[in-house]
Every structure is written in C-alpha cells, then in structure tokens.
Amino acid sequence: MSTLASEPGMVAAVAATPPRRDWDAFTTADADGRRRLMLAVEGITCAACMGDIERGLGRLDGVASARVNLANRRVAVVYDPATVDPDAILARMEALHYPARPFDPTGIARPSETSRRLLRCLGVSGFGAMNVMLLSVSVWSGNVTDITPETRDFFHWMSALVAIPCVAYAAAPFYESAIAAIRRRAVNMDVPITIGVTLAMGLSLVNTLTHAHEAFFDSALMLLFFLLLGRFLDENMRRRTAVEAETLAVLRADSAVRVEPDGGLVEVPVSRVRPGDRVLVRPGEKVPVDGRVETGASELDTSLVTGETVPARVGAGDMVHAGTVNGFGSLTVTVTAAADGTLVAEIERLIGEAESAKSAHLRLADKAARLYAPVVHSAAALTFVGWMIAGLPWNDSLVIAIAVLIITCPCALALAIPAVQVVAAGRLFRNGVLLNAGDAIERLAAVDTIVFDKTGTLTTPEPTLVGPDAVDADVLRRAAAVALASRHPLARALAKAGGAVKPAEQVTEHPGEGVEAMVEGRTARLGSLDFCAVSQVRRLMEQSLNPTASFIAYREGAAEPVVFALAQTLKADAKATVAALRKLGCAIEILSGDRAEAVAEVARVLHVDEWIAEATPASKIARLNALKAAGRTVLMVGDGLNDAPSLAAAPVSLSPVSGAHLAQSAADAVFLGERLAPVRVALEVARAARRLMTENLWIAVVYNAIAVPVAVAGHVTPLVAALAMSGSSLIVTVNALRLRRVARPAAPARPAPAAEACPVPATIRETAR
Amino acid sequence: MSILVYLVPIALSLGLLGLAGFLWSLRTNQYEDLDGAAWRAIQDDDL
C-alpha cells in the first residue's frame, strides 16, 4: 500500500471542521424570504413518527412549518434563514432518531402532471357519466311506459349539453395519443377508442336532432370513465415507484465536497459540480464524480465500476471514476467532463448503441389493437353494406353499423392489460421491486436465460471478514474498536464483524496508511500491511490462501501483527435463489469483470457451468448478442457501471439498489434489500401476470364474439350497451385481481423496516396497514 | 311535467358543484398524502 501522505493542510481541515453545506443549492425560496427544504428521512413508518418529527421540528425557533408526507417518507420544512441554521434542523432530526438528508431541488420530479391531468379527466368524465346516466335511465324507463316525445327530447338535449363538453375535455388524452399514432402510421388501442367515442357522440347528436328514441351519450362517457380509471391507476403506480426510487437515491447521499478557491470546503449536490472544480474525497467516501487526482494517494475499491474486488492504487495524475470507494487516504480530484477515451465515455457510447439497437418490443396491448381494429372496423362496414342490401334505408343501416362499433368498443380489451399491470406492479412494489419501464412485466415473463454479474449482485456489496472463527475473539474485539474510529471501507467491515460499539481512544489518523489508537491501555495500529510491518513471506502466504480478498492488518505495540482477510461473500439467499430460478426453467450464466479465480469459486458454489471472467462492457454485450442469436430471451442482473451497457442491451434487466447510478437508470427495474430473492419474485409475478393478461384478452374476445352478432342483428339499445360494457370491464378487472394471490410478501416490505423502533402498539400499526 | 325544466338544470348544477369541489381539492394537493391525513386528525398537538 502507498505511504504517500496527503497535503498536511488538507488533512487538518478534514479533521477540524466538517464541510459547510451550500444551503442555497439545497433549498428553494418560499414566501416572505423564507426557504423551503425537502428532506428524505429514514425510518418513518407510522403516525407516531409523523407526530414526533412535526412536533420536534416545530419547537425549533425559526421553523415556520414542518410537514411529513407519510406516503413518500419526505419532510417539507419551511424556515427563516435569519433565525435558524438548516444544519440545526438536520441536527434536530438526528436527535429525534430520524436521520435525514436534504433533496437536491433540481433533481426532484414535480408532482406528475400526467397523473393530475388524468385525475381531472377522470373527475369530469365521472361527473358526466353519472348525470347523463340518470337522464338516460329516465328515458329508458319512459320508453317502455308513457314518456312524451317532448320530455324525451328535453332529456336528450340536456344529456348532450353535459356530454359534449365533458367528452371534449376527458377524451383529449386519447385523441392526442391516437393522432400521434396515426402520424407515425401505426395503430394503437387509442385509435379504435377515439373512433368509437366520436361515432357514439355523432350518432347521439343526430338521434337527438331527429327526435329518435335512443341516444348513446352515456355509453361514450362511461367508456371514457372506465378507461381513464385504468390509465390513472397505471400512471399512479409508476409515479409511486419513481418517488420511492428518488428518496432512495437521496438517502444514498449524492453530494460532493467542493474545494473553494480560498481553500474552504463546501458540500454541494453533485448536480452543481462543474468540470474544472476541485473536489475533496475523504477516507471511506464514495468518489462522487469522474476526475483526475490532483493531490493525495489512496486505494480505491472499484468493484462497483469494474467488478474487480481487489483495491486499485491511485496517485496524482490518475483518473478516478464516480462510484468507486476511497480507502485510507484523502484525495483532491479535479473534475473532468466525460472525455473521449475514458471508461465512462466508452460506457456511455455503448449504452447509446445498445438502446438504439434494441429491437422495439411490441407490447401485448398494441399487438391486440393491431388485430382488433381492422376486424371490428371491417365488421361494422360489412354490417352497413349488408343491411343496405337487405333493403334498410341508409341512415338506419348506419345506426346499426355504429352500434356494432360502440358495443365492441374496446372497454374490456383496453382494460384487460392495464388492470393486470397495475396489480402486478403493486405486487412487485410490495416485494421490493421498483419498475422503471411499464412493459418490463411482459418482457420478464418471456425470460428463459438469466445472466448474473458477480460483484455486488451475487455477492454482498460490502466485504465481510473471511473465517471469523479462526481469529482470536479478544483480538478481534479490540481491532474492531480501533476500526470503528476509521472510515475506511475495510475498517468498517471489520468493525461490523467484531461487533464494536465504542471506538478506541486517542485516535490519530495516518492518511493513506491507517489509524493508531489506545485500546484497553495498549497502543494499537490498524491499517495497511506496510503500516503494521507485516513480513513479505506472511503477505505472500495470506495472498495465496485468499486470492480474492483484501487485507487489513492490526498490531498491538510490538506484538506479532494480525492480518484480517476481507472478501465479498455470496448473498445469504444466492444459492437458494439460483436453484429456484433453475426450477422455473431458466438457464443461469455469470458474466463478471472480476478475475477468473474469484468468478470460478462463485460459479462452483452455485453450480453454474457457464461463466466468463474479466469481461469488459463490450464483451458482455457480445455474449448477450450471442445468446440472442441462439434464440434465448435473456434477463440481465447487474449493478456495476461496467454492467450498464449490457443492462441496456439485454431484452430485460434488473439492478440491485446498491448498484451504480448509471446501471440503475439503464435497468428495467431496481430491487431493494440485501437479498437476491426479488429476482425470483419478479419472474414469478411477471409470469402470472402474463398468464392473466392472455386470459383477459380471451375474455374480451369471447365477450365480443357474443356481443358483435347481437349488434350486427340490430338489437343493441343503449341499455344493452351500458350493461355489456360495464359487465365486461368488471369481469376483466376482477380477473386481474386474482394476481394478488401470487407472491404475497412474507413481511411488510416497506423499504424502511424500523417498525420495532416505533412507540406504537402493534394493533394500531396493523390497522394502519 | 314542465317542472322538469327547472329540476333537471338544478340537479345538474348540484353535480357541477361536486365536480368543482373535486377539482379544488385536487388543486390544493389534498391527494398528495392519503395516509398522513388520516392520522393527522387524531394527533394531539397540545401534548
């Protein structure tokens, strides 16, 4: 390990004062010169937490309001910057045992405008459908009793008065989508919907003008109401996952410590860092940006970037990548833009290629629409021609033809798939799988081959102690106490392994080397093998014993140093999950950027025959393409920056929440937690969902097979249309709900499991759920 | 039945009132946190 020291001044600054946060960058202006701060909070689970936080922050002078959003675990604080320092707000949150992190306001997605618009349309169409239905029922009952033609006309005119503006407003999303599709010379589900609604309205208006007995205003509005309901639920589910993903991203702390020209340190959101800025990376921190090391030397854990588990040395002039984890030394990094030739530029180029090359997956719903539209429209045309030949006047024939269009109006068909999607996405959410892409469920269902990345996906992202039983427990306990005083990732892992709670005293940091401290009256050192004077022979021996491990040494006074080997271990349920996936009929492969010995070991334990080590991003894509050429549908599961291109290239992909940012945004879904089981759950839910989607489509086909002949025969009245439409919608929705039986989460799978810490009786929590 | 000429528009305007109420509640962000609102009602703020 390197013995180069960092700038002494820099180290003093690190030790003395934590960096000041640039609060203007984290907050937005509010009324009366106040500022608004959005916090992501860990551990909000119930109403008691909400009360604690709101009361606790409210007592702070200068806090104008604090409001907890229980649904998305965020707190909005409005404060007066003249009276209270935002750091005090964070300190108060810490004291309340709800550690919080500020949102970068530039990154927060505004409350989805689509979802609000759909809700407004839903309200309008609901109002219209209910009121017009009341008038329609009066007309229907009047038609079989003694309604006067004047009253009927009056009712029809009132219906038109309500229905025309309501349809004009509520159908706008469908019209826009249908027009866009036609411009692309394609047909989607919105095209038949639009035609159906337009014709129903037109026919009803003509009927009203000609004093006919029947009008279809209620059908058009009801159809819109049902469809908007499905669409709103779909959108809402997607938004919920997006919000959850955003909160998780903030809790993972994407901020950087910028070195100001005057030497001061300021913590800023990563989005505010510009090329040319200097950024300080302290020991144990994640490198926030890509750049070139200016001063300092350290070792970097690059497993998240390359999959390589043995730390890499860096010194002045070396390139470092966002997502790598710093070791013992402090680094000052000059931020570079993603220049050509760097790893990140190469990865971004590959992602771009992969995404444009990815053959557009045809959604099941669009496939159905492509079959549906020509069949129904030609059936309507034939009906018209047929009745004309049979001798009916042209306007009566047209009425029957339009009735065919209305009754087949794709209510069941358009709800069949969204209904299943909403239930499936909800199931996945409760099992800790957040979907990025709406049609990922359909693609997941077709998977027959699963390719895993090794580091961070099959193995834990943090290293753990190899063979803890072989180490003297007392030594381990003392070493852990010293380790607790250090921020080095290996030291942290050691502290965890030793179960230390109280750090050692009189700690002195030796940047780039390790820490020295007093523990139980003895001077002890923890750090690199050089720092603890481990002999060359011993070093080689340890390395041959554990070729994939990283080492940290501990020495008490002049005693013989103890070497701890830390390596990434398989996730607890990796073996069981891989076996279960194989039982589901999937072939398993491992593609890793790590060295062959490390990959071979994992492959042996998991009984995986197909594995490739030392894979580059490009060779990973090549392997995926080879599998695709062999006719396989591949699910790629990976977390590293080097996996991002293959995640984008694979037909469907998953990424763990510990993964690199770029990998997560390239994947179709993200799963939470330290376990691998969500991969299996995702596959099971997707397959069940796919089955139900097909089932629902068949239900819709059967419904049409019954309804169309009735309509062609000319027996469809508005009453029949209303009953058939709501009946078929109900059936497909109830069928979709059967998915709730699949993959019930074993435990409440809310991402923040801190329920025990809540001072609320279990019964109340139960009802809250 | 000429009373309908008054009653139907009255009924419709009552419906419109309901719609206006819904749009107002939407605009004032009352659907942002459905879980929290239920608990807020029984919070003892004077403790």
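My aim in this report is to walk through the structure given alongside it, one point at a time. (Residues numbered from 1 in each chain as written. Chains lettered and ligands numbered in written order. Predicted model: local features only at pLDDT ≥ 70, side-chain atom pairs only at ≥ 80, totals over all residues. Heavy atoms only, no water.)

With that settled, consider the pairing of strand S21 (residues 522–527) of chain A. All names here are of chain A. By the bridge criterion, six bridges tie strand S20 (residues 514–519) to S21 in an arrangement that is antiparallel. Each residue of the ladder has a partner; that of Glu 516, found in S21, is Arg 525. Between S20 and S21, which pair antiparallel in sequence order, lie two residues; one of them, Glu 520, sits at a positive phi of approximately 50 degrees. Where S21 meets strand S22 (residues 550–556), four bridges bridge the pair, whose relative direction is antiparallel. Residue pairing across strands places Ala 524 opposite Glu 556, the latter belonging to S22. (Pairing = 2+ DSSP bridges. Helix = DSSP H or I, 4+ residues; strand = E, 2+ residues; numbered from the N terminus.)

Geometry of an aromatic ring pair is reported as the spacing of the ring centres plus the angle between the planes. All names here are of chain A. On inspection of all chains with the given rule, the structure shows three aromatic pairs over all chains. Ring centres of Phe 154 and Phe 155 lie 6.0 Å apart, and the angle between their planes is 65 degrees; on these two criteria the pair is classed as edge-to-face. By relative accessible area, which is 7% here, Phe 155 ends up buried. Consider the rings of Phe 225 and Phe 226, whose centres lie 6.3 Å apart with planes at 55 degrees: the pair is tilted. Given a relative accessible area of 27%, Phe 225 falls into the partly exposed group. The lysine or arginine in question, Arg 525, covers the ring of Phe 531, its NZ or CZ lying 4.2 Å from the ring centre. (Phe/Tyr/Trp six-rings, centres within 6.5 Å; stacked < 30°, edge-to-face > 60°. Buried < 20%, exposed > 50% of the residue type's maximum accessible area, 1.4 Å probe, protein only. Lys NZ or Arg CZ within 6 Å of the ring centre and 35° of its normal.)

This part is about the sheet that holds strand S26 (residues 634–637) of chain A. All names here are of chain A. With mixed pairing, seven strands are arranged side by side in an open sheet as S16-S28-S27-S26-S17-S24-S25. Looking at which strands have only one partner, the edges of the open sheet turn out to be strand S16 (433–435) and strand S25 (610–612). Mean inter-strand twist for the sheet, computed between neighbouring axes without regard to direction, equals 20 degrees. With three bridges joining them, strand S27 (residues 652–656) and strand S28 (residues 669–671) adopt parallel strand pairing. Counterpart to Pro 656 in the pairing with S28 is Phe 671. Lying over the sheet, helix H25 (residues 677–712) contacts S16, strand S17 (449–452), S26, S27 and S28, oriented at roughly 150 degrees with respect to S26. (Axes fitted to C-alpha atoms, helices over the stretch in contact; angles between N-to-C directions. Contact = heavy atoms within 4.5 Å.)

Take the side chain of Thr 208 of chain A next. Residues and elements named next belong to chain A. The residue Thr 208 is located in helix H8 (residues 190–209) in this model. Take Thr 208: its relative accessible area is 0%, and that puts it in the buried class. A distance of 2.7 Å separates the side chain of Thr 208 from the backbone oxygen of Ser 204, its partner in a polar contact. Filtering out sequence-adjacent residues up to four positions away, Thr 208 remains in contact with Asp 153, His 156, Trp 157 and Phe 217. (Polar contact = N/O pair within 3.5 Å; in protein donor to acceptor, adjacent residues only side chain to side chain.)

Taken by themselves, the reported measurements are silent on function.
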